[in-house]
Amino acid sequence: MYQSHNQSTLPLQTCVIKIGSNVVTQEDGMPDFSRIKSLCTQVSFLKNKGIKVVLVTSGAVAFGRKNILLPEKTNPVLKKQIWAANGQIALIHTYQQLFSELGHSIAQILVTKEDFRDRKHYLNMKNCIEGLLSQSIIPVINENDTVAITELMFTDNDELASLTAAMINADTLILLTNVNGIYTGPPELQDSKLIQHVDQQTQDLSSFIQASKSSFGRGGMLTKLNMAKKSANLGISVFIANGKREAILNDILNGSAICTQFEPSQVKQSPKKWLAHGEQYYKGEIRINEGAKNALFSNKISSLLPVGVISYSGDFEKGDILRIIDERGNRIGLGRAEYGIKALIEKTGQKKQKPIIHYDYLYLFTHE
Ligand SMILES: Nc1ncnc2c1ncn2[C@@H]1O[C@H](COP(=O)(O)OP(=O)(O)O)[C@@H](O)[C@H]1O
Ligand SMILES: N[C@@H](CCC(=O)OP(=O)(O)O)C(=O)O
């Protein structure tokens, strides 16, 4: 439905739109209600065109911070929890009011990294979001900041948005921030040029990115780049664009947006999409021998059989993600366990056993 920069028409049916903290707030940290209203109006326009939209929105901490003054010495993690617990109410209420004026219902979904780690939680979440979309309700997602602290956190909501896009098989991911996209240097410098198009041939852009991030942001532009590349590799069209620009979503739709667009690759296998994001979520590790490794990397479609397993670690069950390493300990892929550790102990090294990882649920790192 939208035009790409080379003017070919691409499908836009299911879209995840991530709205950064800086988009929903003004420079002084106060909520930017007119900006949120404009974005809701644009989302409504997309929805009325039949496009399914999932929102991932930051802003709970920023909204809470302007409401609640905390003593300077309060533990920084606790500060964030208090602000998020308070600010999420105002944030979701703002979306609810604005969308209701436009005739749309919304639903709030608060998630943690753990929910993407566990296949059952993952499928429950996916079913819920798909159910909401089928009822034409707009899912509005944020991290559950009150329970997700330190190592349990997503790098930031760009990671959450990218995981969500892969989970629901979205064709498009739009990361809205306070700059037009990725520049060749600090965006405020005149010499810095906007990179408008990124494909498999484009050089690595990470050296262009400064460590700086906007006042309320968490991960910065580097996470956006990494998540955009990962999503594009999974076949999703990605746009990093300026949510502060008037009519930005409409411009993306009609191909006239000034932004950074990532060309999607042609892969479209949803279990593999889930696995591609699984490196931080694996519950067990299995070491395989050279023969098994050669079979997995051969041109023939091969599942991983227990006869090729040398050793294992971790307490995993059927459905959990396993990391696969070779004899030298190099990480070579991820897969979904067909059975748990207890059954694997009995089958390891034995012939004529059911695969521990089926090919359909096997993701090798050469795909990246
Ligand atoms: N090369 C670059 N191109 C564009 N922005 C960059 C670059 N290097 C660093 N940045 C910074 O990244 C910021 C956006 O990331 P972030 O603060 O995480 O935003 P958000 O809160 O929207 O997620 C921009 O405000 C910009 O200052
Ligand atoms: N969950 C946090 C968002 C943290 C975050 O990732 O912020 P950002 O980098 O602005 O997307 C909040 O709502 O404040």
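Residues numbered from 1 in each chain as written. Chains lettered and ligands numbered in written order. Predicted model: local features only at pLDDT ≥ 70, side-chain atom pairs only at ≥ 80, totals over all residues. Heavy atoms only, no water.

As named in an unreviewed UniProt entry, the protein chain is Glutamate 5-kinase, taken from Cecembia rubra. Quoted verbatim from the Catalytic activity (unreviewed entry) field of the UniProt record, the comment on the protein chain reads "L-glutamate + ATP = L-glutamyl 5-phosphate + ADP". (UniProt positions renumbered as here; feature names shortened; annotations may be inferred.)

Asker: Explain the overall build of the protein chain to me, please; I cannot follow it from the model alone.
Answerer: On a plain count of helices and strands, the protein chain comes out with twelve helices and 15 strands. Across its three principal directions, the C-alpha atoms of the protein chain cover 65 × 50 × 45 Å. Relative to all contacts within the protein chain whose residues are 6 or more apart in sequence, the contacts with residues 24 or more apart total 73%. Split by element, the accessible area of the protein chain, about 16800 Å² in all, is 50% carbon and sulfur. (Helix = DSSP H or I, 4+ residues; strand = E, 2+ residues; numbered from the N terminus. Contact = heavy atoms within 4.5 Å. Areas by Shrake-Rupley, 256 points an atom, 1.4 Å probe, with all protein chains shown as cover.)

Asker: It is not clear to me how the environment of Ala 148 should be interpreted in this structure. Could you clarify?
Answerer: Structurally, Ala 148 can be placed in the loop between strand 6 (138–143) and helix 7 (157–167). Taking the C-alpha atoms as reference, Ala 148 lies 8.5 Å from Val 111; in sequence the two are 37 residues apart. Those residues within four positions of Ala 148 in sequence are excluded, and the remaining contacts are Lys 80, Thr 112, Glu 143 and Met 153.

Asker: Which parts of the structure should I look at to understand the packing of aromatic side chains?
Answerer: To describe a pair of aromatic rings, one takes the distance between the centres and the angle between the planes. Scanning all chains against the criterion turns up five aromatic pairs. For the pair Phe 116 and Tyr 122, a centre-to-centre distance of 6.1 Å together with 70° between the ring planes defines the contact as edge-to-face. With relative accessibility at 2%, the residue Phe 116 sits in the buried group. In this structure Tyr 122 comes out as buried when scored by relative accessible area, which is 4%. Between Tyr 363 and Phe 365 the ring centres are 6.4 Å apart and the planes differ by 75°, which places this aromatic pair in the edge-to-face class. Residue Tyr 363 is classed as buried on the basis of its relative accessible area of 5%. (Phe/Tyr/Trp six-rings, centres within 6.5 Å; stacked < 30°, edge-to-face > 60°. Buried < 20%, exposed > 50% of the residue type's maximum accessible area, 1.4 Å probe, protein only.)

Asker: Could you clarify how one ought to interpret the UniProt feature "binding site: ATP" (unreviewed entry) in the protein chain in this entry?
Answerer: As recorded in UniProt, the feature "binding site: ATP" (unreviewed entry) lies at Lys 18. Of note, Lys 18 is situated in strand 3 (residues 14–19). In contact with Lys 18, other than residues within four places in its own chain, are Val 56, Ser 58, Asn 157, Asp 158, Ala 161, Ile 174, Leu 175, Leu 176 and Lys 224. At 3.1 Å, the side chain of Lys 18 and the side chain of Asp 158 are in polar contact. (Polar contact = N/O pair within 3.5 Å; in protein donor to acceptor, adjacent residues only side chain to side chain.)

Asker: Would you mind showing me how to read the UniProt feature "binding site: substrate" (unreviewed entry) in the protein chain here?
Answerer: This chain's UniProt record puts "binding site: substrate" (unreviewed entry) on Ser 58, Asp 145 and Asn 157. Across 100 residues in sequence, these annotated residues keep their C-alpha atoms within 10.9 Å of one another, forming a single compact spot. Locating Ser 58 in the fold gives a position in the loop between strand 4 (52–57) and helix 3 (60–67). Here Ser 58 falls in the buried class, since its relative accessible area comes to 10%. Residue position: Asn 157 is located in helix 7. Residue Asn 157 is classed as buried on the basis of its relative accessible area of 7%. When neighbours within four sequence positions are excluded, Asn 157 is seen to be in contact with Lys 18, Val 56, Thr 57, Ser 58, Asn 142 and Glu 143. At 2.9 Å, the side chain of Asn 157 and the side chain of Asn 142 are in polar contact.

Asker: Can you help me understand unusual backbone geometry in this one?
Answerer: As a rule of thumb, non-glycine residues mostly have phi less than zero, and peptide bonds are mostly trans rather than cis. Located in the positive-phi region is Ser 136, a residue other than glycine, with phi close to 65°. Looking at the element boundaries, Ser 136 is found in the loop between helix 6 (119–134) and strand 6. Taking relative accessible area as the criterion, Ser 136 reaches 41% and is therefore assigned partly exposed. Despite not being glycine, Asn 169 shows a phi value in the positive range, around 60°. Here Asn 169 shows up in the loop between helix 7 and strand 7 (172–177). For Asn 169, a relative accessible area of 36% translates into the label partly exposed.

Asker: Help me understand the domain arrangement of the protein chain, please; the structure alone is not making it clear to me.
Answerer: Reports often express the size of an interface as the amount of accessible area lost when the parts come together. Once the domains are mapped, the protein chain shows domain 1 (14–270) and domain 2 (282–367). When each unit is reduced to the centre of its C-alpha atoms, the spacing between domain 1 and domain 2 is 34 Å. (Domains from an automatic or database assignment.)

Asker: Sorry if this is basic, but what is going on with the packing of helix 2 (residues 33–48) against helix 4 (residues 76–101) here?
Answerer: Helices that pack against each other are described as a pair by the angle of their axes relative to one another and the distance between those axes. The N-to-C vectors of helix 2 and helix 4 enclose an angle of 50°; their axes lie 10 Å apart at closest approach. One element, helix 2, and the other, helix 4, form an angle in the oblique class. Once helix 2 is placed against helix 4, the crossing between them reads as right-handed. Residues Phe 33, Ile 36, Lys 37, Cys 40 and Val 43 of helix 2 form the contact with helix 4, whose participating residues are Thr 94, Tyr 95, Leu 98 and Phe 99. A per-class count over the contact of helix 2 with helix 4 returns seven nonpolar, one polar and one charged. (Axes fitted to C-alpha atoms, helices over the stretch in contact; angles between N-to-C directions. Parallel < 35°, antiparallel > 145°, perpendicular 65-115°, else oblique. Left-handed = near helix turned anticlockwise from the far one by under 90°. Nonpolar A, V, L, I, M, F, W, Y, C, P; charged D, E, K, R; others polar.)

Asker: Help me understand the environment of Glu 72, please; the structure alone is not making it clear to me.
Answerer: One can find Glu 72 in the loop between helix 3 and helix 4. Under the relative-accessibility criterion, Glu 72 is labelled exposed at 72%. Placed 156 residues apart in sequence, Glu 72 and Ala 228 show a C-alpha to C-alpha distance of 37 Å.

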